[in-house]
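Residues per chain, in single letters:
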Amino acid sequence: MLESKIIQLLHHNNSLQLDDCYFMNNKYLVTTDTISENTHFKHEWSSAKDLAEKIIEVNVSDIAASGGLPKFAFLNLGLSEFSKKEKWISSFLRELKRKLNFYKIKLAGGDTYKSPHTNLTLTLIGYTQKPIFRSTGKPNEYLYTTGSLGLSYLGYLHLLNNTHLPTKIKKEAINKHLRPKSRLSISQKLIHTYKISAMMDITDGIAQDSAKLALASNLEIHININKFPRFTEFSKYLQVDEIISSGEELELLFLSKEKIEWNKEYPITCIGETRNIVNKAKSVFYLNGKKYKPKTKGFLHFV
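Here the structure is a predicted model, which means the values were calculated and not measured.

Visitor: I'd like to hear about the overall build of the chain, residue by residue, with values.
Guide: The secondary structure content of the chain amounts to nine helices and twelve strands. Relative to its length of 303 residues, the chain is compact, with a C-alpha radius of gyration of 19 Å against a globular reference of 19 Å. Its C-alpha atoms give the chain principal-axis dimensions of roughly 55 × 50 × 40 Å. Sequence separation of at least 24 residues holds for 85% of the intrachain contacts in the chain that already meet a minimum separation of 6. Of the accessible surface of the chain, which amounts to about 15,600 Å², a share of 53% is contributed by carbon and sulfur atoms.

Below, the structure is given as structure tokens:
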């Protein structure tokens, strides 16, 4: 059964959660995420330090995409024979504390248990006076993304197949895949400077995530692949479908009526626009001036 179907069964039709964060009491954001061995990482690729950083960043990214700041964390550690060793635990906790201090997050509780495979779950509680949802996008708005798209999958391919890459892009791609960074600082700058109508982070690939955004806001989203940052560069090493299905990018995908230009403070690019739906809410891709139908939807659990 698909993940989306399971989520639908967990909720009543009128209470389906469309966002990665739950907004409550007019000020709190709550999110949780798990990274699991052999599903989201391999120990031979990811160090304890890498995983401590990643479990925090993927959760902070959810808070950032909802316009908030992280405040409190609850950590569940499912430790295997490999990860319960003192050397691994010491390295993991040292980096965990460093990242928590960096974001000024208080570790408020959690749980530990023995597991056949390493499972790391973090729950974050954040704060915002101005939440941003996926469901509040409107027609005739610009679609923006931060950073670039495709690096995470390029890093994965190199780790999997030792794909030949120039030294600079190889290092960049591996870092993106193993140690993705949230866009919290950019999110805060954006929401305090511009009118952002809807936002999410890219974790399952823009092909799948843009469709979620379109569905939540009941829109058609038209996306020009040629406008992707560094598309020409990455297309030397990746197929188009690999670029648009690259997950765990942790880049922001957002809508605004305002025209926002790229600069060092705002490394964002306009890649499309929204329109009223004709038949159904969806994302529509274009490549070289023609409609492009993706052959893959990105990362799907249980497939």
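Still more to cover.
Visitor: Quick one: what's the story with unusual backbone geometry, residue by residue and with numbers?
Guide: Even without being glycine, Lys104 reaches a positive phi, approximately 60°. A relative accessible area of 73% means that Lys104 is categorised as exposed. Positive phi, close to 60°, is recorded for Asn140, a residue that is not glycine. Residue placement: Asn140 occurs in the loop between β5 (119-127) and β6 (142-146).

Visitor: Talk me through the sheet that holds strand β10 (residues 268-275); I want residue IDs and the actual numbers.
Guide: Spatially, the seven strands line up as an open sheet ordered β7-β9-β6-β10-β8-β11-β12, and their pairing is mixed. Every other strand in the sheet has two partners, leaving β7 (196-201) and β12 (290-292) as the edge strands with one partner each. On average, each strand axis in the sheet is inclined to that of its neighbour by 30°, with strand direction left out of account. Sheet topology note: the β6/β10 ladder contains five bridges and is antiparallel. Its bridge partner being in β10, Thr145 is matched across the sheet by Thr269. Running over the sheet, helix α6 (residues 184-193) touches β6, β7, β9 (252-256) and β10 and is turned about 170° from β7. Across the sheet, helix α7 (residues 206-217) lies against β6, β7, β8 (220-224), β9, β10 and β11 (282-287), angled at about 135° from β11, the strand it touches most.

Parameters at a glance
- Residues numbered from 1 in each chain as written.
- Predicted model: local features only at pLDDT ≥ 70, side-chain atom pairs only at ≥ 80, totals over all residues.
- Heavy atoms only, no water.
- Helix = DSSP H or I, 4+ residues; strand = E, 2+ residues; numbered from the N terminus.
- Rg over C-alpha atoms; globule rule 2.2 N^0.38 Å.
- Contact = heavy atoms within 4.5 Å.
- Areas by Shrake-Rupley, 256 points an atom, 1.4 Å probe, with all protein chains shown as cover.
- Buried < 20%, exposed > 50% of the residue type's maximum accessible area, 1.4 Å probe, protein only.
- Pairing = 2+ DSSP bridges.
- Axes fitted to C-alpha atoms, helices over the stretch in contact; angles between N-to-C directions.

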